[in-house]
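Here are the chains, one letter per residue:
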Amino acid sequence: MQTQLTIATNGPGLYEFTRQVASWAKGTGLLTLFVQHTSASLVIQENADPEVQVDLQNFFARLVPPTTDSSMAYLTHTYEGPDDMPAHIKAAMLPTHLSIPVTDGRLALGTWQGIYLFEHRDRPHQRRVIAHLG
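Let us look at the structure shown here. (Residues numbered from 1 in each chain as written. Predicted model: local features only at pLDDT ≥ 70, side-chain atom pairs only at ≥ 80, totals over all residues. Heavy atoms only, no water.)

Okay, the side chain of Gln53 next. For Gln53, the position within the fold is in helix α2 (residues 51-63). With residues near it in sequence (within four places) discarded, Gln53 still touches Leu14, Glu46, Asn47 and Tyr116. (Helix = DSSP H or I, 4+ residues; strand = E, 2+ residues; numbered from the N terminus. Contact = heavy atoms within 4.5 Å.)

Shown next as structure tokens:
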């Protein structure tokens, strides 16, 4: 069983799509999620306190600043904007796929866990995530 989910983003940040996945995943098996982009990631994170998402975004922005920052002067891939190569680096550091057990139509997530697309680019995007339940 397979489908494509679309997550609309409005710039950098974490976008929860747990409910969208949960409404699709029926049955029992291993759910695999895969983002079809090289400048976004998938993460399972706390969904109770929104400050967690803000802190994660701020941490990665400090860790990998835009190419306009003097500390990033060594980068050569800059023609797609100052956020592009840093977005590729962040996506290389974070997962682009997740595996989640599904039991009797329920995601086996912990109490405070949610599924997020982590957008690394500055402008809005329509991100595609392939979901496969096997």
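This brings us to the nonpolar core. With 21 residues, the main nonpolar core has Phe17, Leu31, Leu33 and Val129 as its most contacted residues. Mapped onto this core, the elements with two or more residues apiece are β1 (2-9), α1 (18-24), β3 (29-35), β4 (40-46), β5 (97-103), β7 (113-119) and β8 (125-133). Ignoring any residue separated from it by four or fewer positions in sequence, one finds Leu31 in contact with Val21, Trp24, Leu98, Ser99, Ile100, Val102, Leu107, Ala131, His132 and Leu133. In terms of nonpolar packing, the next biggest core, distinct from the first, is built from 6 residues, Phe60, Leu94, Tyr116 and Phe118 among them. (Core = buried A, V, L, I, M, F, W, Y, C linked by side-chain atoms within 4.5 Å. Buried < 20%, exposed > 50% of the residue type's maximum accessible area, 1.4 Å probe, protein only.)

Looking now at a nonpolar patch on the surface. A contiguous nonpolar surface patch, about 300 Å² in accessible area, is contributed by Phe59, Leu63 and Met93. Among the structural elements, Leu63 can be located in helix α2. (Patch = residues over 30% accessible without salt bridge, like charges linked within 9 Å, V, L, I, M, F, W, Y side chains within 5 Å. Areas by Shrake-Rupley, 256 points an atom, 1.4 Å probe, with all protein chains shown as cover. Salt bridge = Lys/Arg side-chain N within 4 Å of Asp/Glu carboxyl O.)

A few words on the side chain of His125. With respect to the secondary-structure elements, His125 resides in strand β8. Classification of His125 as buried rests on a relative accessible area of 14%. Here the side chain of His125 touches Arg123 through a polar contact of 2.9 Å, landing on its backbone oxygen. (Polar contact = N/O pair within 3.5 Å; in protein donor to acceptor, adjacent residues only side chain to side chain.)

A few words now on unusual backbone geometry. Positive phi is not limited to glycine here, since Asp104 has a value of about 50°. Positionally, Asp104 belongs in the loop between β5 and β6 (106-107).

On to the pairing of β5, then. What you see with β5 is a clean split: Leu98, Ile100 and Val102 sit on the buried side and His97, Ser99, Pro101 and Thr103 on the side with no burial. Two successive antiparallel strands, β5 and β6, enclose a turn made up of 2 residues, where Asp104 displays a positive phi of approximately 50°. (Pairing = 2+ DSSP bridges.)

Right, let's talk about the sheet that holds β4 for a bit. Strands sit in the order β2-β7-β4 across an open sheet of 3 strands; the sheet is antiparallel. What marks the edges here is a single partner per strand, and that holds for β2 (13-16) and β4. Sheet twist, expressed as the mean angle between neighbouring strand axes with direction ignored, is 35°. Bridge count between β4 and β7: 7 bridges; the pairing is antiparallel. When the bridges of β7 are listed, Ala40 appears paired with Glu119. (Axes fitted to C-alpha atoms, helices over the stretch in contact; angles between N-to-C directions.)

Let us now look at the environment of Pro82. By secondary structure assignment, the location of Pro82 is in the loop between α2 and α3 (84-93). Not counting chain neighbours up to four residues away, the residues in contact with Pro82 comprise Pro66, Thr67 and Thr68.

Turning next to the sheet that holds β3. Ordered in space as β1-β8-β3-β5-β6, the 5 strands form an open sheet in which the pairing is antiparallel. Each having just a single partner strand, β1 and β6 make up the two edges of the open sheet. Relative to β8, β3 is paired through 5 bridges, and the arrangement is antiparallel. Directly across from Thr32, in β8, lies its bridge partner His132.

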